[in-house]
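Single-letter residue listing:
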Amino acid sequence: MLRPFFDWFQQLAFSVAFRQSTWMFAVIDALHLVAIAVFAGAILLVDFRLLGAGLKDRPVAQVARDAQPWLVGSLIVLLLTGLPMIMGNGDKYYYSDIFWQKMVVLLVAFVYTFTVRRAVAAADEGRLRPFWRRATGATSLGLWLIVAVWGRLIGLL
Amino acid sequence: MIEAVGAWLEWVEALPSSTAIRESLNGYPALLALHVIGMCLFAGLVLMMDLRLVGIGNRRTPFSELQRRLFPWQMVGMVLSAVTGLILVYGQPTRFFTNIFFWLKTVMMILAGVNALAFHKSTYRFVARWEANPILPLEARSAGVLSVILWAAVIVAGRLIAYNWWELR
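Reading the values: rules and limits
Residues numbered from 1 in each chain as written. Chains lettered and ligands numbered in written order. Predicted model: local features only at pLDDT ≥ 70, side-chain atom pairs only at ≥ 80, totals over all residues. Heavy atoms only, no water. Helix = DSSP H or I, 4+ residues; strand = E, 2+ residues; numbered from the N terminus. Expected span 1.5 Å × (residues − 1). Buried < 20%, exposed > 50% of the residue type's maximum accessible area, 1.4 Å probe, protein only. Patch = residues over 30% accessible without salt bridge, like charges linked within 9 Å, V, L, I, M, F, W, Y side chains within 5 Å. Areas by Shrake-Rupley, 256 points an atom, 1.4 Å probe, with all protein chains shown as cover. Salt bridge = Lys/Arg side-chain N within 4 Å of Asp/Glu carboxyl O. UniProt positions renumbered as here; feature names shortened; annotations may be inferred. Contact = heavy atoms within 4.5 Å. Polar contact = N/O pair within 3.5 Å; in protein donor to acceptor, adjacent residues only side chain to side chain. Phe/Tyr/Trp six-rings, centres within 6.5 Å; stacked < 30°, edge-to-face > 60°. Lys NZ or Arg CZ within 6 Å of the ring centre and 35° of its normal.

1. Observations regarding helix 3 (residues 24–50) of chain A
Residue and element names in this part refer to chain A.
Part 1 of the reasoning: For helix 3, built from 27 residues, the straight-helix expectation of 39 Å at 1.5 Å per residue is met to within 8% by its first-to-last C-alpha distance of 39 Å.
Part 2 of the reasoning: Counted residue by residue, helix 3 has 23 buried out of 27 residues, so it is predominantly covered.
Part 3 of the reasoning: Downstream of helix 3 by one or two residues, Gly52 has phi in the positive range, about 85°.

2. Focus: a nonpolar patch on the surface
Part 1 of the reasoning: Side chains of Trp23, Val27 and Leu31 of chain A together with Ile100, Trp165 and Trp166 of chain B sit close together on the surface and give an oily, nonpolar patch of about 600 Å² of accessible area.
Part 2 of the reasoning: Along the polypeptide, Ile100 of chain B turns up in helix 6 (residues 100–121).

3. As for the UniProt feature "transmembrane region" (unreviewed entry) in chain A
Residue and element names in this part refer to chain A.
Part 1 of the reasoning: Here the UniProt feature "transmembrane region" (unreviewed entry) sits at residues 23–46, 67–86, 98–115 and 135–154.
Part 2 of the reasoning: Along residues 23–46, the helical share is 96% and the strand share 0%, with 35 Å between the first and last C-alpha atoms.
Part 3 of the reasoning: Secondary structure across residues 98–115 divides into 100% helix and 0% strand, with the first and last C-alpha atoms of the span separated by 26 Å.

4. Some remarks on the interface of chain A and chain B
A common measure of how large an interface is: the accessible area buried when the components associate.
Part 1 of the reasoning: Contacts between the two partners involve 33 residues from chain A, matched on the other side by 34 residues from chain B.
Part 2 of the reasoning: Counting across the interface, chain A meets chain B through 5 salt bridges.
Part 3 of the reasoning: A salt bridge links Asp66 of chain A to Arg60 of chain B; the nearest nitrogen and oxygen atoms lie 2.5 Å apart.
Part 4 of the reasoning: Joining chain A to chain B, the criterion identifies 8 residue pairs in polar contact (both at pLDDT 80 or more).
Part 5 of the reasoning: Going through the elements one at a time, helix 3, helix 4 (60–88) and helix 7 (130–154) of chain A are the ones with two or more residues in the side of chain A that touches chain B.

5. Brief notes about the packing of aromatic side chains
Part 1 of the reasoning: Enumeration over the complete set of coordinates arrives at 26 aromatic pairs over all chains.
Part 2 of the reasoning: Measuring from ring centre to ring centre gives 4.9 Å for Phe6 of chain A and Phe9 of chain A, while their planes differ by 50°; the resulting arrangement is tilted. Taken together, the residues Phe6 of chain A and Phe9 of chain A, both in helix 1 (residues 3–10) and 3 residues apart, mark about one turn of the helix.
Part 3 of the reasoning: Phe6 of chain A sits in the buried class, given a relative accessible area of 3%.
Part 4 of the reasoning: A relative accessible area of 5% places Phe9 of chain A in the buried class.
Part 5 of the reasoning: A centroid spacing of 5.8 Å and a plane angle of 35° characterise the contact between Phe14 of chain A and Phe18 of chain A, whose relative ring orientation is tilted. On the criterion of helical spacing, the pair formed by Phe14 of chain A and Phe18 of chain A is a turn pair, its members being 4 residues apart in helix 2 (residues 13–20).
Part 6 of the reasoning: For Phe14 of chain A, a relative accessible area of 42% translates into the label partly exposed.
Part 7 of the reasoning: Taken together through their ring pairs, the aromatic side chains of Phe5, Phe6, Trp8, Phe9, Tyr93, Tyr94, Tyr95, Phe99 and Trp100 of chain A make up a single cluster.
Part 8 of the reasoning: Sitting over the ring of Tyr94 of chain A, Arg3 of chain A keeps its end group 4.4 Å from the ring centre.
Part 9 of the reasoning: The ring of Phe96 of chain B carries the charged tip of Arg95 of chain B above its face, separated from the ring centre by 5.1 Å.

As structure tokens, this is what we get:
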């Protein structure tokens, strides 16, 4: 279904230049990884707090509010570095099951983080049973863990 | 000397345990994945602490609280990435020891470690005196900036090991 789309963006001048350069992919890949570290930090602070670990002396909402700009900022860098890697090597990703699995889980994790998780983290602590906070943190941790591991495996399989 | 080291590395690489890691179909990807997870825990939480030191993130949490609450998790991440990293190097010693980015990463890790240690042995000892200030002392901010730069360099160099542009021989 997406075959024509992949065929189209792969032959754009930018994609061709990106593919032919010896260093561009490597540099973008390295920046992607630095952004992963920042993103992971911002995710972990809040998920650990939801699970009752880490910054447990702080209200959840405060931890989440402080982490939010770094979460959003690093996510933007991840998209800006992730897209050129796909554009330059469309075929490789199109035929990779691991890539598509990562994309599906990424979409779920993204929507979940900015809807359910966000609402739970912002909710009054008296209004929600600790179980729901823990479940929300554990789900987020699990989803993003799959995204990270699958991302690492794309390059290998 | 270089020949002797080279011969020793080749001997290590020929050991059955080293060969087994290198050729393992599932073990090798699993090690790489665990190495990244360790990195996320360690570097992710160190960076969150650094942002507070620099004064651009997590500003409503006192620094000593971040240090106390995150340190155990940072150590879990460090042990995970160190152990998996050492096993990965053991599986391909000649590949890593001839790779310029591997040495760059090693040097950056040492510098980052020295920076963290120096901060804890000096500025951090008086944390109670300065952590309530709206702007942290220059020593604290510099340690934070240095830490971000050095750990980012470790991550970049680590990723570039895979792109062996300048092989040392």
